[in-house]
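Summary of the model geometry
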Amino acid sequence: MTQKYMQQEAPKQKNRVILIHGLHQTAWIMRPLAKRLQAAGFDTHQYAYRSMRDGIKTNSARLNDWLENHHHPDQPIDLVGHSLGGLIIRDFVYHYPKWQIGRCVTLGTPHNGSICADYIWRLTPAVVGRSYVDALDGTVAPLPAHVTLGVIAGNRPYGLGQLFLQYHNRKLRTADQTPLKEKRAHDGTVYVEETKMDAATDHIVMPVSHTGMLVDKLVAAQTQYFLQYGKFKR
């Protein structure tokens, strides 16, 4: 084994990990993932925010305020976000560059905007609240080039959003009614295609649903692996 290969495989020092929940959730839903990361030696904090009442810019600003009061900017942090939480990460690392960002992982985050949220916004905008504009509409801030991001997507179609996605999938059929299987894959709320972004360092699809990924031990293991090595385990 070459020295170069050994250096690539060597895990980095464990940073403090900030876990950020998604829409209609609270910090406690990140607890199972936090416990697994803690068992692996990570110091974690579950960041709570108001996903309905406040927009993404307010919530990332409050994350910055929390860090200013509880964390020294010379110490790197890792960020893990579920769904909308991943978009808050993107807004935060773009607008608050003073923080040293180690590595980031997003879980089921619609980086390209959410078709499910689009349908809901048109029907009953109050259901997605202020988190639609500049976030779920696909207009979130770009990912800075220096940020190392790993993206985990799910392809098990269980969730409240599947009614909208089933309807949308019927519209995606070709003229001969052949389903576009890859394009139609989703986790019950977010399409796999919506999670992809060119700026990401790595992307992996796992057999989990949108909410189920938060309690899945293999998702936790892949999250831990990326935070340590900057890539997913294959």
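Analysis parameters
- Residues numbered from 1 in each chain as written.
- Predicted model: local features only at pLDDT ≥ 70, side-chain atom pairs only at ≥ 80, totals over all residues.
- Heavy atoms only, no water.
- Pairing = 2+ DSSP bridges.
- Helix = DSSP H or I, 4+ residues; strand = E, 2+ residues; numbered from the N terminus.
- Axes fitted to C-alpha atoms, helices over the stretch in contact; angles between N-to-C directions.
- Salt bridge = Lys/Arg side-chain N within 4 Å of Asp/Glu carboxyl O.
- Buried < 20%, exposed > 50% of the residue type's maximum accessible area, 1.4 Å probe, protein only.
- Left-handed = near helix turned anticlockwise from the far one by under 90°.
- Contact = heavy atoms within 4.5 Å.

The strand order across the open sheet formed by six strands is β2-β1-β3-β4-β5-β6, and the pairing between neighbours is parallel. Looking at strand neighbours, the two that pair on one side only are β2 (43-47) and β6 (202-206), the edges of this open sheet. Strand-to-strand twist across the sheet, computed as the mean angle between neighbouring axes with direction ignored, equals 15 degrees. Across five bridges, the pairing between strand β4 (residues 101-107) and strand β5 (residues 148-154) is parallel. Bridged to Leu 107 within β5 is Ile 152.

Right, let's talk about the pattern of salt bridges for a bit. A side chain with one charge can pair with a side chain of the opposite charge if their charged atoms come near. The tally for this structure, following the rule as stated, stands at seven salt bridges. Between Asp 54 and Arg 62 there is a salt bridge, and its shortest N-O distance comes to 2.4 Å. By relative accessible area, Arg 62 is classed as partly exposed at 36%. Between Lys 196 and Glu 193 there is a salt bridge; the shortest N-O distance is 3.0 Å. Lys 196 gets classed as partly exposed once you look at its relative accessible area, which sits at 31%. Taken together, the salt bridges that share partners define one network made up of Arg 50, Asp 54 and Arg 62.

For the rest of this paragraph, the subject is the packing of helix α3 (residues 56-70) against helix α4 (residues 84-95). Two numbers describe how α3 lies on α4: the axes approach to 9 Å, and their chain directions differ by 65 degrees. Crossing geometry of α3 relative to α4 is assigned as right-handed. Counted together, Ile 56, Lys 57, Asn 59, Ser 60, Leu 63, Asn 64 and Leu 67 of α3 and Leu 87, Ile 88, Asp 91, Phe 92 and His 95 of α4 form the full contact between these two elements.

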